[in-house]
Amino acid sequence: EVTARILSHTGNELKRLQGSMVFELAPVAASKDCAVSGVLGEPPFLGRIPVYLGDDECDEEAFRRVNALGGLSVRVGAPPR
């Protein structure tokens, strides 16, 4: 309910991502796979092998990006339903 009220005041600027035990608010244009790529493009991470740990559905896009880059992705917690 709280996130719905916040979103109603932001127009189309934010989106709600549902996590395991949390709701995340993020800019509409943002994604975790783009964040991974952005971090890996900057020192000291440039040229390194990515490792990503996540616990919910919102992390799946980052897992795909990390795997495509030859890295290691680890789902922690309960398996997806």
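The rules behind each value
Residues numbered from 1 in each chain as written. Predicted model: local features only at pLDDT ≥ 70, side-chain atom pairs only at ≥ 80, totals over all residues. Heavy atoms only, no water. Phe/Tyr/Trp six-rings, centres within 6.5 Å; stacked < 30°, edge-to-face > 60°. Helix = DSSP H or I, 4+ residues; strand = E, 2+ residues; numbered from the N terminus. Buried < 20%, exposed > 50% of the residue type's maximum accessible area, 1.4 Å probe, protein only. Axes fitted to C-alpha atoms, helices over the stretch in contact; angles between N-to-C directions. Parallel < 35°, antiparallel > 145°, perpendicular 65-115°, else oblique. Contact = heavy atoms within 4.5 Å. Nonpolar A, V, L, I, M, F, W, Y, C, P; charged D, E, K, R; others polar.

Chemist: Got a minute to help me understand the packing of aromatic side chains in this structure?
Modeler: For any pair of aromatic rings, the description consists of the separation of the ring centres together with the inter-plane angle of the planes. Evaluation of the coordinates by the stated rule reveals one aromatic pair. Centroid distance Tyr-52 to Phe-63: 5.6 Å. Interplanar angle 85 degrees. Geometry classified as edge-to-face. Residue Tyr-52 is located in strand β3 (residues 51-54), and its partner Phe-63 is located in helix α3 (residues 60-68); the two are separated by eleven residues in the primary sequence. Here Tyr-52 and Phe-63 have matching classes, each one buried.

Chemist: How should the packing of helix α2 (residues 32-40) against α3 be read in this particular structure?
Modeler: The geometry of a pair of packed helices is captured by two quantities: the angle between their axes and the separation between those axes. Closest axis-to-axis distance for the α2/α3 pair is 7 Å, and the angle between their directions is 40 degrees. For the element pair α2 / α3, the angle class is oblique. Here Lys-32, Asp-33, Val-36 and Ser-37 of α2 come into contact with α3, specifically with Glu-61, Ala-62, Arg-65 and Val-66. A breakdown of the residues in the contact of α2 with α3 according to their chemical character gives three nonpolar, one polar and four charged.

Chemist: In this structure, what is going on with the environment of Gly-19? I would like to understand it.
Modeler: Among the structural elements, Gly-19 can be located in the loop between β1 (14-18) and β2 (23-27). Spatially, the C-alpha atom of Gly-19 lies 8.7 Å from that of Asp-59, the residues being 40 residues apart in sequence. Sequence-distant contacts of Gly-19, defined by excluding residues within four places in its chain, comprise Asp-56 and Cys-58.

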